[in-house]
Amino acid sequence: MTPPLFEVDNLHVAVEGTEILKGVNLVVDAGEVHALMGPNGAGKSTLAGALLGHPAYEVTRGSIVLRGEDVTGWPTDVRAKAGLFLAFQYPEAIDGVSVTQFLRQAMAARKGTEVSVLEVRVLMTEWMERLGMDSSFASRHLNQGFSGGEKKRNEILQMALLEPLVAVLDETDSGLDIDALRVVGRGVRAVRQARPELGVLAITHYERLLTELVPDVVHILVDGRIVANGGPELAGKVESEGYEVWR
C-alpha cells in the first residue's frame, strides 16, 4: 500500500517547556490542498515551524512522515532537500545576497548538483512573468526593501523553482491587501498547475485566502488540537461564526 505523501501523527510540541501542540493529526496526499485555520495562539505557526525543524520547537511525542520516511529527527536543511518547503509569514531580508544567488544555491542544494546561472535565469524569467514580478527582482538583494506583497510573491517564486513535494504556507495572506492576495493566490495556482502532484498546507486566519486556493480539506486548530475537519464550507462557518463554538 502506498503511504501518504505527508502525515503528521499525534504531534506534541513544546516551547521552552510549555506544551503548545497537544496531539495534531493530519494527512496530505499528492495534489491536495489542505487549509489549517485557528485563532491567535492556537499553535498554527508552532506547527509550521515544527514541520521544518525549527530548533525553538521541541517535538515531545508523535511523528512527521514524508513519503513514508519519518523525518521528525532530521535537521531543517535535510528536510528541505527532501522536498519540504515553508513560505514564511514574515520573510527575512538578507542584505548582500541577490535573489538569483540565493535561488541558485537553494536549487543546487535541493537537486544535489551544480546549477548554472543560465538555467536559474531562464527559469526565473519564466516564473517572474507568470507571477507578475518585474525583471529587476533578479538582481535585488533578497527581500531588501520589498513590500509585503513583493516578499510573498518572492516566496512563491522560490516554491516554483525549488519544486518541493509539500509546501507549507504560513499565513501567506498576512499583511496583504486584497489585490496582493489575489496575485499570490494566482501564483500558487500556477505552481500547482505546473506540478499537480504538489501537496499544500495553507495556514491562515481568514477565509479570504481560501477563495483563491479552494481547499480539499479544512482543519480547525484550537488550543493545540485539531477540533474539526471538513470541506470548504467549514471555512465559511468560521467566517460567519468565529471560533467560539470550538473553544
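Structure's up top.
Residues numbered from 1 in each chain as written. Predicted model: local features only at pLDDT ≥ 70, side-chain atom pairs only at ≥ 80, totals over all residues. Heavy atoms only, no water.

Caption draft 1: Fine view of the pairing of strand S2 (residues 18-28). Sheet analysis places strand S1 (residues 6-15) next to S2, joined by eight bridges and oriented antiparallel. What sits directly across from Val-8, in S2, is Leu-26. (Pairing = 2+ DSSP bridges. Helix = DSSP H or I, 4+ residues; strand = E, 2+ residues; numbered from the N terminus.)

Caption draft 2: A look at helix H1 (residues 44-51). In terms of burial, H1 is a largely internal element, seven of the eight residues being buried. By the burial criterion, the buried members of H1 are Lys-44, Thr-46, Leu-47, Ala-48, Gly-49, Ala-50 and Leu-51. In the segment just after H1, Gly-53 is the residue with positive phi, at about 80°. (Buried < 20%, exposed > 50% of the residue type's maximum accessible area, 1.4 Å probe, protein only.)

Caption draft 3: Structural context of the pattern of salt bridges. A full pass over the atoms with the stated rule returns seven salt bridges. One salt bridge in this structure joins Glu-171 and Lys-44, with 3.9 Å as the shortest N-O distance. Separated by 127 residues along the polypeptide, Glu-171 in the loop between strand S9 (166-170) and helix H6 (178-194) and Lys-44 in helix H1 bring together distant segments of the chain. Residue Lys-44 is classed as buried on the basis of its relative accessible area, which comes to 4%. Glu-114 serves as the salt-bridge partner of Arg-104, at 3.7 Å between the closest nitrogen and oxygen. A residue pair is termed long-range when its members are at least 10 positions apart, and Arg-104 in helix H3 (residues 99-111) and Glu-114 in the loop between H3 and helix H4 (117-130) qualify at 10 residues. (Salt bridge = Lys/Arg side-chain N within 4 Å of Asp/Glu carboxyl O.)

Caption draft 4: Focus on the nonpolar core. The biggest cluster of nonpolar side chains holds 39 residues, and the ones touching the most others in it are Met-124, Trp-127, Leu-157, Met-159, Leu-161 and Leu-169. Not counting residues within four places of it along the chain, the set of residues in contact with Leu-157 comprises Val-99, Leu-103, Met-124, Trp-127, Met-128, Leu-131 and Met-133. Counting residues in each nonpolar core, the second largest holds 28 residues, with Phe-6, Leu-26, Leu-51 and Leu-165 among its members. (Core = buried A, V, L, I, M, F, W, Y, C linked by side-chain atoms within 4.5 Å. Contact = heavy atoms within 4.5 Å.)

Caption draft 5: Molecular detail of the side chain of His-219. Turning to its location among the elements, His-219 is positioned in strand S11 (residues 217-222). On the basis of relative accessible area, His-219 is assigned to the buried category, the value being 4%. In terms of polar contacts, His-219 uses its side chain to reach the side chain of His-34, at 2.8 Å. Of the polar contacts made by the side chain of His-219, one reaches the side chain of Asn-229; its length is 2.5 Å. In this view, His-219 contacts Leu-26, His-34, Ala-35, Leu-36, Met-37, Ile-226, Ala-228 and Asn-229; residues no more than four positions away in its chain are not counted. (Polar contact = N/O pair within 3.5 Å; in protein donor to acceptor, adjacent residues only side chain to side chain.)

Caption draft 6: Molecular detail of the sheet that holds S11. Here we have six strands laid out as an open sheet, ordered S6-S9-S10-S3-S11-S12, and mixed in their pairing. The sheet is open, and its two borders are formed by strand S6 (84-87) and strand S12 (225-230), each paired with just one other strand. Across the sheet, the mean angle from the axis of one strand to that of its neighbour is 20°, orientation sign disregarded. Note that strand S3 (residues 33-37) and strand S10 (residues 199-204) share five bridges and pair parallel. Note on S10: the bridge partner recorded for Met-37 is Thr-204. (Axes fitted to C-alpha atoms, helices over the stretch in contact; angles between N-to-C directions.)

Caption draft 7: Representation of the packing of H3 against H4 in the model. In the contact formed by H3 and H4, the axes pass within 10 Å of each other and the chain directions differ by 110°. Here H3 is positioned roughly perpendicular relative to H4, judged by the angle of their axes. Where H3 abuts H4, its residues Val-99, Thr-100, Leu-103, Arg-104, Met-107 and Lys-111 lie against Val-117, Glu-119, Val-120, Arg-121, Leu-123 and Met-124. A breakdown of the residues in the contact of H3 with H4 according to their chemical character gives seven nonpolar, one polar and four charged. (Parallel < 35°, antiparallel > 145°, perpendicular 65-115°, else oblique. Nonpolar A, V, L, I, M, F, W, Y, C, P; charged D, E, K, R; others polar.)

Caption draft 8: How the structure looks around helix H5 (residues 148-162). Here H5 spans 21 Å end to end across 15 residues, near enough to the 21 Å set by a 1.5 Å rise per residue. Just past H5, the residue Glu-163 takes up positive phi, approximately 50°. (Expected span 1.5 Å × (residues − 1).)

Caption draft 9: Structural context of the sheet that holds strand S4 (residues 58-66). Reading across from one edge, S2-S1-S4-S5 is the order of the four strands in this open sheet, with antiparallel pairing throughout. Unpaired on one side and paired on the other, S2 and strand S5 (69-70) mark the two borders of the sheet.

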